[in-house]
Each structure stands twice: as structure tokens, then as C-alpha cells.
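# Notes for the structure review
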Amino acid sequence: MNNNTEKIKMKVCSSCKQEKTLDEFGKRKTNKDGLDYLCKVCKRAEWQKNKDLEKHREQQRIYRLNNQEKIKEYNKQYSKKYKKTENGKLARKMYKHNRRSRDKDLIYTLSKEYWEESLNFFNNSCAYCGKKSNRLQHEHVVPSSKGGHYTKQNIVPACKECNLSKLDNDLFEWYVNYSKYDKKKLEKILKWTNIKFESQTQQLALL
Ligand SMILES: [Zn+2]
Ligand SMILES: [Zn+2]
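Rules of the game
Residues numbered from 1 in each chain as written. Chains lettered and ligands numbered in written order. Predicted model: local features only at pLDDT ≥ 70, side-chain atom pairs only at ≥ 80, totals over all residues. Heavy atoms only, no water. Core = buried A, V, L, I, M, F, W, Y, C linked by side-chain atoms within 4.5 Å. Buried < 20%, exposed > 50% of the residue type's maximum accessible area, 1.4 Å probe, protein only. Helix = DSSP H or I, 4+ residues; strand = E, 2+ residues; numbered from the N terminus. Contact = heavy atoms within 4.5 Å. Polar contact = N/O pair within 3.5 Å; in protein donor to acceptor, adjacent residues only side chain to side chain. Patch = residues over 30% accessible without salt bridge, like charges linked within 9 Å, V, L, I, M, F, W, Y side chains within 5 Å. Areas by Shrake-Rupley, 256 points an atom, 1.4 Å probe, with all protein chains shown as cover. Salt bridge = Lys/Arg side-chain N within 4 Å of Asp/Glu carboxyl O. Lys, Arg positive; Asp, Glu negative; His and termini not counted. Charge placed at Lys NZ, Arg CZ, Asp CG, Glu CD. Phe/Tyr/Trp six-rings, centres within 6.5 Å; stacked < 30°, edge-to-face > 60°. Lys NZ or Arg CZ within 6 Å of the ring centre and 35° of its normal. Donors = N, O, S within 2.8 Å, 3.2 Å for Na, K, Ca; no water. Tetrahedral: all angles 85-135°; square planar, octahedral: opposite > 155°, others 65-115°.

- The name an unreviewed UniProt entry assigns to the chain is HNH endonuclease, from the organism Bacillus oleivorans.

### Notes on the nonpolar core
- Core analysis: the biggest nonpolar cluster contains 23 residues, and Cys126, Tyr128, Val156, Leu171, Tyr175 and Ile189 have the highest contact counts within it.
- Looking at this core, the elements that each hand over two or more residues are helix H4 (112–121), strand S6 (155–158), helix H6 (171–175) and helix H7 (183–193).
- When sequence neighbours within four positions are dropped, the list of residues in contact with Val156 reads Trp115, Ser118, Phe122, Ala127, Tyr128, Gln137, His138, Glu139, Val141 and Trp192.
- With six residues, the next largest nonpolar core counts Phe25, Leu35, Leu38 and Cys39 among its residues.

### A few points about the environment of Thr193
- As for its position among the elements, Thr193 is in helix H7.
- By relative accessible area, Thr193 is classed as buried at 7%.
- For the pair Thr193 and Gln153, spaced 40 residues apart in sequence, the C-alpha separation works out to 4.6 Å.
- Dropping the residues within four chain positions of it, Thr193 is found in contact with Val141 and Gln153.
- In this structure the side chain of Thr193 is engaged in a polar contact, spanning 2.8 Å, whose partner is the backbone oxygen of Ile189.
- At 3.4 Å, the side chain of Thr193 forms a polar contact with the backbone oxygen of Leu190.

### With respect to a positive patch on the surface
- On the surface, a cluster of positive charge is contributed by Lys76, Lys80, Lys83, Lys84, Arg92 and Lys96.
- Looking at the positive patch, the elements that each hand over two or more residues are helix H2 (68–84) and helix H3 (86–103).
- Mapped onto the secondary structure, Lys76 falls in helix H2.
- A relative accessible area of 52% places Lys76 in the exposed class.

### What to know about the packing of aromatic side chains
- Enumeration over the complete set of coordinates arrives at nine aromatic pairs.
- By the ring-pair criterion, three or more aromatic residues cluster together here, those being Tyr128, Trp174, Tyr175, Tyr178 and Tyr181.
- The ring of Phe25 has Lys11 sitting right over it, with the charged end atom 5.6 Å from the ring centre.
- Over the aromatic face of Phe121 sits the side chain of Lys188, whose NZ or CZ is 5.2 Å from the ring centroid.

### Quick look at the coordination of the zinc ion (ligand 2)
- Those protein atoms acting as donors to the zinc ion (ligand 2) are Cys126 (SG), Cys129 (SG), Cys159 (SG) and Cys162 (SG), and they sit at 2.3 Å.
- Bound by four donor atoms, the zinc ion (ligand 2) shows angles of 104 to 116 degrees at the metal and therefore tetrahedral coordination geometry.
- Binding-site remark: the zinc ion (ligand 2) is held by donors from one chain whose sequence spacing is C-x2-C-x29-C-x2-C. Of this pair, Cys126 sits in the loop between H4 and strand S5 (137–140) while Cys159 sits in the loop between S6 and helix H5 (160–166), and the two are 33 residues apart along the sequence.
- The class for Cys126 is buried, based on a relative accessible area of 2%.
- Classification of Cys159 as buried rests on a relative accessible area of 3%.

### Here we look at the coordination of the zinc ion (ligand 1)
- Around the zinc ion (ligand 1), the protein contributes the donor atoms Cys13 (SG), Cys16 (SG), Cys39 (SG) and Cys42 (SG), at 2.2 to 2.4 Å from the metal centre.
- In this structure, the zinc ion (ligand 1) is surrounded by four donor atoms whose angles at the metal cover 99 to 127 degrees, and the resulting shape is tetrahedral.
- If you list the donors of the zinc ion (ligand 1) from N- to C-terminus, the spacing comes out as C-x2-C-x22-C-x2-C.
- For Cys16, a relative accessible area of 26% translates into the label partly exposed.

Shown next as C-alpha cells:
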């Protein structure tokens, strides 16, 4: 018998990754070796952590219960501030814009077929900037606030960015000043929509 080959059984803790003797692990019947994954030190630390977390949550709950008015006021102030940020302003603008479109008694004549036609005409890309996307939005060339209907000719595919920029603006006023203005694209849009020029300025836009 060689006593040197007799090994002291060890196990690696799955938390601290240290190799420890078996008596440093708690029991866990459901495991093959009948021992915990975590050493006793880590187990204790985990237990304490959970207990602290529970205590913290309970404190938060009590705080909320005792300070309902204060929290309400805080939220009110926060949303007031949010409204003044760029994101907040945009969100409000979009909300108003969408509501106006719904409120107007629009004639919904654009069928799926028409939309496909429009997409084909613009090569499945944004009519204003040319970006290809499979999430193009239905964009009113003549905005509904200015009497534009939801008809085949009045709808062009637009990316989210261009749609957000255009909103209720007049096509000419907006597009020629837009960072992504492109004469060829404007011509194409006019071809699709069959919009006639109303002023010389509009014609000049194409020169
Ligand atoms: Zn450990
Ligand atoms: Zn675009």
C-alpha cells in the first residue's frame, strides 16, 4: 500500500472557483455527490445578499406607500421637463400629427395592391432619400391637414427619418431645403403624384 497515492477529495466551488475540501461544502441531496455547488462561505454570502435585497425592496415599498403625493409630484415635474427635451417635443409633434390624420374624414382608398405599385415605382426605397428598407412608411405627399387624401397617387414610401422630417410640411417648401434633397427624386415624386406646379418657385426648384 502506498499512502502517497491516497488523495484528499476536493471540489471546486462554482462561485469562487477555489478548490476546497468536501467538508467546506454544505449538503444538497439532489446533487450527484450530495454536496452544494457553492462552498459554505459563498453560500453564506449569497444568502446575505438576498436578505439585503429583500430588506431594500421592503424599504422601497414602505417609502412609496408613505410618499405617494411626493412621488406623484415628482413624476409630474419629470414629464414637464421631458416635454421640453428634443425627444419629448418630437413625441408630442408625432402624437398631434397622427391624431389629426385620424380625425380627418379621410377616404381610405389605398389598397394593398396600390401600395405595392408605389413601392415598385420607387424601387422599394424611400422616395425622398432613396434609402432601401423593408420598413418603409406610407407618406402623404400632400398632408392630410392640407386636404391630401389617402389615395394611391398621394402616398409614397418613406423611411422613418424622412417621414418625421416632412410631417405636415408642403412638399416643395420642405424638400428643396431638406439635407437629402435630390432633383431626380423630386421629378420622380412629381411623376407619381401628378402634382402640377402652382408657382414659379416650385418650377425653379427643378432647374
Ligand atoms: Zn466558494
Ligand atoms: Zn428617407
